[in-house]
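Examining the three-dimensional arrangement
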Amino acid sequence: MLITGASGQLGQALAEEFPDALALTRSEWDVALPAPALLTRPDIVLHAAAWTDVDGAEDDPQGAAAINVGGTANVAELGAPLVYYSSDYVFDGRKQEPYVESDGPNPLSVYGRSKLHGEAAAGETAWIVRSAWLFGPTGHNFVRTMLRLGAERDEVAVVDDQRGSPTYVGHLAAATRELLELRSGIWHVAAEGECTWADFADAIFDGAGLRCRVRRITTVELGRAAPRPAYSVLRSEKGAPTLPHWRDGLRECIDRLA
Ligand SMILES: NC(=O)c1ccc[n+]([C@@H]2O[C@H](COP(=O)([O-])OP(=O)(O)OC[C@H]3O[C@@H](n4cnc5c(N)ncnc54)[C@H](OP(=O)(O)O)[C@@H]3O)[C@@H](O)[C@H]2O)c1
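Calculation notes
Residues numbered from 1 in each chain as written. Predicted model: local features only at pLDDT ≥ 70, side-chain atom pairs only at ≥ 80, totals over all residues. Heavy atoms only, no water. Buried < 20%, exposed > 50% of the residue type's maximum accessible area, 1.4 Å probe, protein only. Helix = DSSP H or I, 4+ residues; strand = E, 2+ residues; numbered from the N terminus. Pairing = 2+ DSSP bridges. Right-handed = clockwise from strand over helix to strand, strands pointing away. Near = heavy atom within 4 Å. Polar contact = N/O pair within 3.5 Å; in protein donor to acceptor, adjacent residues only side chain to side chain. Areas by Shrake-Rupley, 256 points an atom, 1.4 Å probe, with all protein chains shown as cover. Nonpolar A, V, L, I, M, F, W, Y, C, P; charged D, E, K, R; others polar. Expected span 1.5 Å × (residues − 1). Contact = heavy atoms within 4.5 Å.

Let us now look at the pairing of strand 4 (residues 82-87). Most of strand 4 is tucked away, with six of its six residues classed as buried. Alternating residues of strand 4 divide into Leu82, Tyr84 and Ser86 and Val83, Tyr85 and Ser87, and every residue in both groups is buried. Note that strand 3 (residues 45-47) and strand 4 share three bridges and pair parallel. In the strand pairing of strand 4, His47 is matched with Tyr84. Looking at chain direction, strand 4 and strand 5 (residues 127-131) are connected through five bridges and run parallel. Looking at the pairing, Val83 lines up with Trp127 of strand 5. Between the parallel pair strand 4 and strand 5, the chain is carried across by helix 4 (residues 110-122), and the sense of this crossover is right-handed.

Another aspect to go through is the site of the ligand. Every one of the 24 residues lining the ligand counts as a neighbour, but Leu10, Asp30, Thr52, Tyr111 and Lys115 are closest to it. Here an oxygen atom of the ligand sits 2.7 Å away from a polar atom, N or O, in the side chain of Tyr111. Relative to its free-state accessible area of 900 Å², the ligand is covered by the protein chains to the extent of 82%. Every element with two or more residues in the shell around the ligand is listed here: helix 1 (9-17), strand 4 and helix 4. Considering every element that reaches the shell around the ligand, the biggest residue donor is strand 4, with three residues. Taken together, the residues of the shell around the ligand sort by class into 13 nonpolar, eight polar and three charged.

What follows is about helix 7 (residues 197-208). With twelve residues, helix 7 should reach 16 Å at 1.5 Å per residue; the first-to-last C-alpha distance of 16 Å fits that figure. Where helix 7 is buried, its residues contact strand 6 (134-135), helix 5 (142-152), strand 7 (155-159), strand 11 (195-196), strand 12 (213-217) and helix 9 (246-257). The first or second residue beyond helix 7 is Gly209, which carries a positive phi of 70 degrees.

Below, the structure written as structure tokens:
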């Protein structure tokens, strides 16, 4: 088994879940380039490498596409069964109830479009695993940012008009094992439950015993470069593995960090 993007937060969780896998970081395989000549065809690839800077992609669409689309095509070139991790940001967020696998994507951002085109580049035989709002004990994510800010400040302004399902990378890695028992295709695999980023921040401060207040603001007030779906809760209509609630994931993550 081969894991790409092994130093990312999901890559690290996958490497823990599948300790015998060959886990390659960007310095070992920059997926924007063809596979290293010495790499033999693996039995399966878990492709966790990606351009994940959602706002940065707006200024560099070609850079994002080179990794998320071109990189995925390079990984597919290996000719091995492929798991491609995709995003809730392939949807426009206009739906008022959870997105299921048969819902039509309509990405709002450059990043979302690159992830959707990456799904196509992964090929028809790939497992397309759409997940959402990933967090874990390592890397760059909302939980770690809030823990840092919550320790430094009395109040943090957090967006309260985007709803999603914060998903613990350890739970997604474990579900990947179950998913490999099922047929390939698109699967929605995200945590149970839903919340806004502000609700999530409140739960993080509660769980970590921080006294920081959450000031609830709108997406417009935050003024980020990339548009994001207002609602991007994912559910499976096909019987994908169910994940624990995001609050359970948060508890595990905070325990790991402690
Ligand atoms: N984060 C989320 O909220 C979220 C939500 C839904 C889906 N996803 C998807 O889940 C997957 C994993 O995301 P993540 O949160 O684990 O992201 P992450 O922590 O940013 O990890 C991405 C990894 O990809 C590596 N990478 C970037 N460009 C590369 C290249 N050209 N060649 C090889 N490796 C490269 C990065 O390397 P460096 O460490 O060297 O930069 C990093 O280790 C991605 O496909 C992402 O689109 C993420």
